[in-house]
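Tertiary structure, described
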There are 2 protein chains.
Amino acid sequence: MYICFMTDKKILEINKALSNATRLDILKWLKDPESNFPPHESLGHFNDGVCGQHIKDKSGLSQPTISHYLSGMHKAGLLSTTRHGKWTYFKRNEEVIQEYLNTLNTI
Amino acid sequence: MYICFMTDKKILEINKALSNATRLDILKWLKDPESNFPPHESLGHFNDGVCGQHIKDKSGLSQPTISHYLSGMHKAGLLSTTRHGKWTYFKRNEEVIQEYLNTLNTI
DNA sequence: ATTTGATGTAACAAAATTGCAATATGCTCG
DNA sequence: CGAGCATATTGCAATTTTGTTACATCAAAT
């Protein structure tokens with residue numbers, strides 16, 4: 001298990017993603033889907049994370065806004081996505097988050 | 001030595017401060033003033049950090065812009081300031097930075 | 001094939017950020 | 001005091017971010 005670091009450019013991109021209250025909340029909610037989201041109707045687990053609809057519901061913001069936020073967090077590497085039928089599931093990308101934290105710790 | 005954490009509001013404020021390339025650079029430069037800045041004319045040490053002028057010179061940005069950046073970082077708690085005559089010295093606030101990192105590590 | 005529900009994209013207005021020039025303030029020294 | 005330098009503040013134009021409505025796409029199911 002090696003410690004990995006990321007470039008300043010990536011750090012900036014993630015810092016930008018995490019300088020918005022809703023996006024910071026989303027990252028934290030996804031750390032514990034069981035306590036923060038209702039179980040999904042069709043899938044009985046959170047192995048691939050939480051679908052956009054539920055995140056939207058919890059945030060109180062509009063669907064396009066959340067879609068935009070989620071795709072930005074995905075682009076920054078913070079989230080990974082899986083499509084199951086009509087749903088897109090969003091999950092924390094713990095490896096990237098760990099790299100991010102490793103790097104910040106040296107700043 | 002207790003581990004301290006900070007509020008989400010503070011985290012967001014610091015993330016915002018650190019989502020700009022120049023401001024991130026400044027924080028890193030101040031970690032090692034000896035290698036990043038010339039010695040100051042009147043003071044022979046970096047005990048209180050580095051004066052705004054030198055930071056401005058290294059950044060390549062205008063004086064008002066750097067003044068604005070530095071006061072934002074100060075307001076966010078990242079930097080502490082000391083006035084020596086006509087110079088304002090800026091130094092990393094390691095306690096706040098540590099709180100910030102402690103908190104991020106739980107996110 | 002049509003409908004229904006989840007997601008993505010476009011276009012847009014309001015607000016915040018970026019970084020500059022101009023100006024004001026503060027400090028030191030002759 | 002007045003000159004000169006460091007810093008702070010103000011005002012501004014350009015750009016980015018925020019979050020909306022309207023619309024397009026995609027998948028499941030009737």
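Residues numbered from 1 in each chain as written. Chains lettered and ligands numbered in written order. Predicted model: local features only at pLDDT ≥ 70, side-chain atom pairs only at ≥ 80, totals over all residues. Heavy atoms only, no water.

Residues and elements named next belong to chain B. Buried residues of helix H4 (residues 52-59): Gly 52, His 54, Ile 55 and Ser 59, and no others. Looking straight down H4, one finds its buried side chains confined to an arc of 165°; they lie on one side. Of the surrounding secondary structure, the elements contacted by the buried residues of H4 are helix H2 (21-29), strand E1 (50-51), helix H5 (63-75) and strand E3 (87-92). Two residues or fewer after H4 comes Gly 60, characterised by a positive phi angle close to 85°. (Buried < 20%, exposed > 50% of the residue type's maximum accessible area, 1.4 Å probe, protein only. Helix = DSSP H or I, 4+ residues; strand = E, 2+ residues; numbered from the N terminus. Arc of directions from axis to C-beta. Contact = heavy atoms within 4.5 Å.)

Each copy superposes on the other: chain A lies on chain B with an RMSD of 0.0 Å after a rotation of 180° and an axial shift of 0.0 Å. With respect to symmetry, the two chain copies, as superposed, fit the operation of a two-fold axis. Closest approach to the rotation axis among the C-alpha atoms of chain A is made by Asn15(A), whose C-alpha sits 2.7 Å away. Interface overlap between copies: 100% of the residues of chain A at the interface are likewise at the interface in chain B, consistent with a symmetric, same-surface contact. (Least-squares fit on C-alpha atoms with pLDDT ≥ 70 in both.)

Moving on: the sheet that holds strand E1 (residues 50-51) of chain A. Residue and element names in this part refer to chain A. Pairing in this open sheet of three strands is antiparallel, and the strands run E1-E3-E2 from one edge to the other. Of all strands in the sheet, those bounded by a partner on one side alone are E1 and strand E2 (79-84). Pairing of E1 with strand E3 (residues 87-92) involves two bridges; the strand directions are antiparallel. Among the inter-strand pairings, Val 50 is bridged to a residue of E3, identified as Phe 90. (Pairing = 2+ DSSP bridges.)

Before going further, it helps to spend a moment on the nonpolar core. Core analysis: the largest hydrophobic core is formed by 58 residues, its most contacted members being Ile55(A), Leu78(A), Tyr100(A), Ile55(B), Leu78(B) and Tyr100(B). Secondary-structure elements contributing two or more residues to this core are helix H1 (8-17), helix H2 (21-29), helix H5 (63-75) and helix H6 (94-104) of chain A together with helix H1 (8-17), H2, H5 and helix H6 (94-104) of chain B. With residues near it in sequence (within four places) discarded, Ile55(A) still touches Ile26(A), Trp29(A), Leu30(A), Phe37(A), Val50(A), Ile66(A), Leu70(A) and Phe90(A). (Core = buried A, V, L, I, M, F, W, Y, C linked by side-chain atoms within 4.5 Å.)

Glancing now at the protein's contact with DNA strand D. Taken together, 20 residues are adjacent to DNA strand D, and Ser62(A), Thr65(A), Tyr69(A), Gln53(B) and Gln63(B) come closest. Per the 4 Å cut-off to the protein, sugar and phosphate atoms form 69% of the nearby atoms of DNA strand D. Between DNA strand D and the protein, one listed contact pairs a phosphate oxygen with a side-chain N or O atom of Asn20(A) at 3.4 Å. In this structure, a phosphate oxygen belonging to DNA strand D sits 3.0 Å away from a side-chain N or O atom of Arg23(A). At the level of elements, H5 of chain A together with H4, H5 and E3 of chain B are the ones that each hand at least two residues to the surface near DNA strand D. For the surface near DNA strand D, a count of residues per class yields six nonpolar, nine polar and five charged. (Near = heavy atom within 4 Å. Polar contact = N/O pair within 3.5 Å; in protein donor to acceptor, adjacent residues only side chain to side chain. Nonpolar A, V, L, I, M, F, W, Y, C, P; charged D, E, K, R; others polar.)

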